[in-house]
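# Chains, contacts and geometry: an overview
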Amino acid sequence: MKLKKRKVIDVSKELLLEVNNITKRFGGIVAVDNVSIKVNKGEVVSIIGPNGAGKTTVFNMLTGVYEVDAGTIVFKGEEIQNKKPKHIVEAGISRTFQNIRLFSDLRVIENVLIGAHIKTDYNFFQSVFRTKKFRQQEDEKLVEVIKLLKSIGLDHRRDDYASNLPYGDQRKLEITRAIATGAELILLDEPAAGMNPQESAELMAFIRHLKNEGYTILMIEHDMSVVMNISDKIYVIDHGKPIAEGLPAEIANNPKVIEAYLGGVHNDAGDK
Amino acid sequence: MTERIKKIIDTESILPGKSQSGMLHNIEVFTDRYKFILGVILAAALVVLPFVMGDQYLLTVTVKIGAYAILAMGLNILTGYTGLVSLGHAGFVAIGAYTASLLSVNAGADFFTSTLAGMVVAGLVGVLLGLPTLKVTGTYLSIITLGFGEIIKMIAMNWSSVTNGTLGVKNIPKPEIFGIEMTVGNYGMYYLMLALVVLTAVFCLMVVRSKTGRAFQAIRADEMASTMMGINITGYKILAFVISACICALGGSLYATVIGYIDPNTFNFDVSTLILSIVILGGMGTIRGMFVGAAILIAFPEVSRFLMEYRFVLYGVILVIMMRFRPQGILGWKSTLPYKLNSKVRAEIEKIEAEEKEGD
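Keep in mind that what you see is a predicted model, and the values were worked out from it rather than measured.

## Quick word on the nonpolar core
Residue and element names in this part refer to chain B. Ranked by internal contacts, the top residues of the largest apolar core, which has 93 residues, are Tyr-68, Phe-92 and Leu-254. The element that contributes the greatest number of residues to this core is helix 4 (residues 56-81), accounting for 15 residues. If sequence neighbours within four positions are ignored, Leu-254 has contacts with Ala-67, Ile-70, Phe-111, Met-189, Leu-192, Met-193 and Leu-196.

Here you go:
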């Protein structure tokens, strides 16, 4: 409880996302219980916890997939809890998935263009009659998307079908697609899952690159080498309850965290 | 300098690091390179076709192929692009055909007005049928559409005061342009079909190559991921239903005026499956495939008349073989050509790349 009273001292940073005591119940089970998260602009924040701790449920609430039973989610000073996913994407939050969900039978460039869907501003009739506005918008978005692909280093794969990319590039593409929505806050759900050490090292470099570009990242991750290396702040959840928060070094030595991971009496199987 | 960069881009844009598998790629490159000439040849062939053919019967079959190509293009928007399988599209065809025919028979409306009315009615019904997609997906949605097709047939059968029940609508007038009646005999019907097919194909192409088409394909590939891209899933699914319904109503109206007579059994379940078979055989999610699919499946029963009832056995065998060896459809391949960028975008990209080079 003392943990909560501690104020964030660093006021120089702008608060981007503030999650206050959100709770989610599935019938009698409390999947997420009073979880609070603060993310400042430009930070990389991680959420960790054993399988079944409720991390992905938190993401699903943040993105409007699940309704929030109690608590508030404030993004850029605006309450966004229980809004439709579309409005949340428009507000500037985008996500990736634990098991990669690309539009696999479409090309890399098409995947990213779909990411830019909400920013592509013309209506149905304008597209049927190929008006000036349509052509302008399409050209503009194509150039933007190719620029984005170049900055991420996927441009040489532009014409390939998403399913033909190697695993690491598929992850990158998924993140690129999320960025293309115009999001400021990007939620990564276990980006390093299934990666070998070399791939996860590349991923880490990539996330650092994104951070330098000014994106804010909130991620769920199990790979401790990734979490400890790139996080500015870590939140630990176990059985839906927040058990610790702090800098990587603090978390690594927190007895509660160690207990949750190693000495846990309860042991749930399966995530979610 | 720009020449050199252009060369680099040109060589790079042929999918680097990927071996181009033979024939298909070559055919694609060939058609792409000579698409203007090929287009002109095809257009000329289609224009002179009725004079070469001359035969009334063959021409009627050709017009029927055209009508079914339109229907297939309609269903293709829904099933091929958006991934929603409909087993009741005969319902939309019936709505289009009945609305248009009844208007022209009873109210004396001309073909174009009555067809438009048919499309509007079908579009509105399309919204209604699209609404369950809010909750229902996959097989369950297909079953709802199956029910829808039957309901429309039953309405046509039992609402006698309007639809003339099982007796059907007779003497559907032929369309007229400048007072000239268009029949199969004077080739008018053929050219009307051709115009409508081209119109529909262009419309579909415009829809597919826009953010709408991309949203459809995204929904087909992964609904959850599409939601997270800010795509209004329900809205786009209903839009797909509406577009599909309108196009099928157009095809239905054309079909009714070609045959000149419709009754509820003209639009039974077999028609729904036939349209779906054309889409699958031709290649789901392609527009080119619809023509080939319609040509094969409509011409086949006519060509194989000598086989009598056995032709349906052969028909089944063909579909089974098809599913085994080419499940993506005859023309259902993924393009191996680079994604098309127009000259404006290419120039812009070249500029960026040139700047990058200078920066190095």
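Right, picking up where we left off after that structure.
## Let's talk about the environment of Ser-272 of chain B
All names here are of chain B. Tracing the backbone shows Ser-272 in helix 13 (residues 269-282). Taking the relative accessible area as the measure of exposure, Ser-272 reaches 3% and is therefore buried. As for Ser-272 and Leu-71, which are separated by 201 residues in sequence, their C-alpha atoms are 9.7 Å apart. Leaving out residues up to four positions away in the same chain, Ser-272 has contacts with Leu-87, Gly-88, His-89 and Ala-90.

## Some points on the packing of helix 4 of chain B against helix 13 of chain B
Residues and elements named next belong to chain B. Where helix 4 meets helix 13, the axes come as close as 9 Å, and the angle between the chain directions of the two elements is 75 degrees. Considering the angle they form, helix 4 stands roughly perpendicular to helix 13. Contacts between helix 4 and helix 13 involve Tyr-68, Leu-71, Ala-72, Leu-75, Asn-76 and Thr-79 from the former and Val-271, Leu-274, Ile-275, Leu-276, Ile-278 and Val-279 from the latter. Here the contact of helix 4 with helix 13 is built from residues that sort into 10 nonpolar, 2 polar and no charged.

## Some remarks on the packing of aromatic side chains
What the rule picks out here adds up to 12 aromatic pairs over all chains. Both rings, one in Phe-30 of chain B and one in Tyr-34 of chain B, keep their centres 5.0 Å apart while their planes meet at 55 degrees; by these two values the pair is tilted. By way of ring pairs, the aromatic residues Phe-124 and Phe-125 of chain A together with Phe-203 of chain B are connected into one cluster. Above the plane of the ring of Phe-206 of chain A lies Lys-172 of chain A, whose end atom (NZ or CZ) is 5.4 Å from the centre. For the cation-ring pair, Arg-288 of chain B lies above Trp-333 of chain B, with the distance from its terminal atom to the ring centre recorded as 4.3 Å.

## Details of a nonpolar patch on the surface
A surface patch of nonpolar side chains, amounting to about 710 Å² of accessible area, comprises Phe-30, Tyr-34, Phe-36, Ile-37, Leu-38, Val-40 and Ile-41 of chain B. Here Ile-41 of chain B lies in helix 3 (residues 35-53).

## Some remarks on the sheet that holds strand 7 (residues 185-189) of chain A
Residues and elements named next belong to chain A. The strand order 6-7-8-3-9-10 describes an open sheet built from 6 strands, whose pairing is mixed. Sheet topology places strand 6 (93-95) and strand 10 (241-246) at the edges, where each strand pairs with a single neighbour. If you compare each strand with its neighbour and ignore which way they point, the axes differ by 20 degrees on average. Across 4 bridges, strand 3 (residues 44-48) lies against strand 8 (residues 216-220) in parallel orientation. When the sheet's bridge partners are listed, Val-44 is paired in strand 8 with Ile-217. Across the sheet, helix 7 (residues 167-180) lies against strand 6 and strand 7, angled at about 150 degrees from strand 7, the strand it touches most. Running over the sheet, helix 8 (residues 197-212) touches strand 3, strand 7 and strand 8 and is turned about 150 degrees from strand 8.

## Things to note about the domain arrangement of chain A
Accessible area lost during the coming together of the parts is what is often quoted as the interface size. All names here are of chain A. By domain assignment, chain A separates into domain 1 (1-92 + 185-272) and domain 2 (102-182). Computed over C-alpha atoms, the centres of domain 1 and domain 2 are 28 Å apart. Across the contact, 16 residues belong to domain 1 and 11 residues belong to domain 2. Taking both partners together, domain 1 and domain 2 bury about 1100 Å²; carbon and sulfur atoms supply 74% of that area. Counting the surface domain 1 buries against domain 2, the share from its top three residues, Val-89, Ile-186 and Phe-206, is 35%. Put simply, domain 1 and domain 2 have 4 residue pairs in polar contact (both at pLDDT 80 or more) between them. Within the residue set of the side of domain 1 that touches domain 2, elements represented by two or more residues are helix 3 (85-91), strand 7 and helix 8. When the residues that make up the side of domain 1 that touches domain 2 are grouped by side-chain class, the tally is 10 nonpolar, 2 polar and 4 charged.

What counts and what doesn't
Residues numbered from 1 in each chain as written. Chains lettered and ligands numbered in written order. Predicted model: local features only at pLDDT ≥ 70, side-chain atom pairs only at ≥ 80, totals over all residues. Heavy atoms only, no water. Core = buried A, V, L, I, M, F, W, Y, C linked by side-chain atoms within 4.5 Å. Buried < 20%, exposed > 50% of the residue type's maximum accessible area, 1.4 Å probe, protein only. Helix = DSSP H or I, 4+ residues; strand = E, 2+ residues; numbered from the N terminus. Contact = heavy atoms within 4.5 Å. Axes fitted to C-alpha atoms, helices over the stretch in contact; angles between N-to-C directions. Parallel < 35°, antiparallel > 145°, perpendicular 65-115°, else oblique. Nonpolar A, V, L, I, M, F, W, Y, C, P; charged D, E, K, R; others polar. Phe/Tyr/Trp six-rings, centres within 6.5 Å; stacked < 30°, edge-to-face > 60°. Lys NZ or Arg CZ within 6 Å of the ring centre and 35° of its normal. Patch = residues over 30% accessible without salt bridge, like charges linked within 9 Å, V, L, I, M, F, W, Y side chains within 5 Å. Areas by Shrake-Rupley, 256 points an atom, 1.4 Å probe, with all protein chains shown as cover. Salt bridge = Lys/Arg side-chain N within 4 Å of Asp/Glu carboxyl O. Pairing = 2+ DSSP bridges. Domains from an automatic or database assignment. Buried area = accessible area lost by both parts, 1.4 Å probe. Polar contact = N/O pair within 3.5 Å; in protein donor to acceptor, adjacent residues only side chain to side chain.

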